[in-house]
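# Examining the three-dimensional arrangement
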Amino acid sequence: VVAAYNLVVFTCVVAPRVWTSWPILTITWPALMALVLLLWLLALLGDPGWSQPKALLPQVERMRQQEREGRLDFGRQSLGDQIASVAAIDEALREFFEAGGAQEHGKEKG
């Protein structure tokens, strides 16, 4: 937006005054600015990650669903029980990946 405003100001205010002294500059500068705006538009449409909303969405609904199903109970579990639950999951994952992880798991299916 700032670049487009800059381009308009240059074209309407600066360019008429410098046209007689620097005609090549008067043509080249807006052309380069237009090229920059085109490249920015291509990057915007290509979604490099900074121009669109984050791909990681909040997990609140997922957590509420798990709590309704009884798989997650933050409201009634004590902090120690929650830590023990997470530690057990962490240990199970660690054993899974040390035993070959998803690669071994995929071989069993195939």
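Residues numbered from 1 in each chain as written. Predicted model: local features only at pLDDT ≥ 70, side-chain atom pairs only at ≥ 80, totals over all residues. Heavy atoms only, no water.

## Here we look at the overall build of the protein chain
The condition that has to hold: Every helix listed is a DSSP run of H or I at least four residues long, and every strand listed is a run of E at least two residues long, numbered separately from the N terminus. Buried, partly exposed and exposed residues are distinguished by accessible area as a fraction of the type maximum, computed with a 1.4 Å probe on protein chains only: under 20%, between the cut-offs, and over 50%, respectively. Contact definition: two residues touch when any of their heavy atoms are within 4.5 Å. For the area figures, the Shrake-Rupley method with a 1.4 Å probe applies, and any residue is considered shielded solely by the protein chains shown.
A count of helices and strands for the protein chain gives five helices and zero strands. If you list the helices and strands of the protein chain from N to C, you get α-α-α-α-α. Out of the 110 residues belonging to the protein chain, those deemed buried represent 10%. In the protein chain, of all internal contacts separated by at least 6 residues, the share reaching a separation of at least 24 is 16%. Total accessible area on the protein chain is roughly 9400 Å²; 66% of this is exposed by carbon and sulfur atoms.

## Considering the packing of aromatic side chains
To describe a pair of aromatic rings, you give the distance between the ring centres and the angle between the ring planes. Counted only if it meets this: Within 6.5 Å between ring centres, the rings of Phe, Tyr and Trp (the latter by its six-membered ring) count as paired, and their orientation is classed by plane angle as stacked under 30 degrees, edge-to-face over 60, tilted in between.
All told, the structure shown has two aromatic pairs when counted by the stated rule. Residues Phe10 and Trp29 carry aromatic rings whose centres are separated by 4.4 Å and whose planes lie at 40 degrees to one another, so their mutual orientation is tilted. Of this pair, Phe10 sits in helix H1 (residues 2–18) while Trp29 sits in helix H2 (residues 23–46), placing them 19 residues apart in sequence. Their ring planes at 75 degrees and their centres at 5.1 Å tell us that Phe96 and Phe97 sit as a pair that is edge-to-face. Assessed through its relative accessible area of 35%, Phe96 is described here as partly exposed. The class of Phe97 is exposed, set by a relative accessible area of 53%.

## A short note on the pattern of salt bridges
If the charged atoms of two oppositely charged side chains come close together, the side chains can form a pair. Test applied: Every case where a carboxyl oxygen of Asp or Glu lies within 4 Å of a side-chain nitrogen of Lys or Arg is listed as a salt bridge.
Applying the stated criterion to the full structure yields three salt bridges. For Asp90, the salt bridge goes to Arg94, with nearest N and O atoms at 3.3 Å. Of the two residues, Asp90 and Arg94 are both situated in helix H4 (residues 79–98); the distance of four residues between them amounts to about one turn of the helix. A relative accessible area of 42% places Arg94 in the partly exposed class.

## A word on the packing of H1 against H2
Helix-helix packing is characterised by the crossing angle of the two axes and by the distance between the axes. We count it as follows: Orientation is described by axes fitted as lines to C-alpha atoms, over the contacting stretch for helices, and by angles from 0 to 180 degrees between their N-to-C directions. Here the angle decides the label: under 35 degrees means roughly parallel, over 145 means roughly antiparallel, 65 to 115 means roughly perpendicular, and every other value means oblique. Ten residues, namely Ala, Val, Leu, Ile, Met, Phe, Trp, Tyr, Cys and Pro, are considered nonpolar, four, namely Asp, Glu, Lys and Arg, are considered charged, and the remaining ones, Gly among them, are considered polar.
Relative to each other, H1 and H2 sit at 175 degrees, their axes nearing to 10 Å. Accordingly, the angle class assigned to the pair H1 and H2 is roughly antiparallel. Residues Ala3, Ala4, Asn6, Leu7, Phe10, Ala15 and Val18 of H1 pack against Pro23, Leu25, Thr26, Trp29, Pro30, Met33 and Leu37 of H2. Of the residues assigned to the contact of H1 with H2, the class counts are 12 nonpolar, two polar and no charged.

## Observations regarding the side chain of Thr26
Operational definition: Each polar contact in these results corresponds to two N or O atoms within 3.5 Å; when the atoms are within protein, one needs to be able to donate a hydrogen and the other to accept it, and residues that are neighboring in sequence are counted only if both atoms are side-chain atoms.
Residue placement: Thr26 occurs in helix H2. Polar contacts involving the side chain of Thr26 include one to the main-chain carbonyl oxygen of Trp22, which spans 2.7 Å. Not counting the four nearest positions on each side in its chain, Thr26 is found in contact with Phe10, Ala15, Val18 and Trp19.

## Overview of the environment of Val36
Along the chain, Val36 turns up in helix H2. Taking C-alpha positions, Val36 is 8.5 Å from Ala3, a pair spaced 33 residues apart along the chain.

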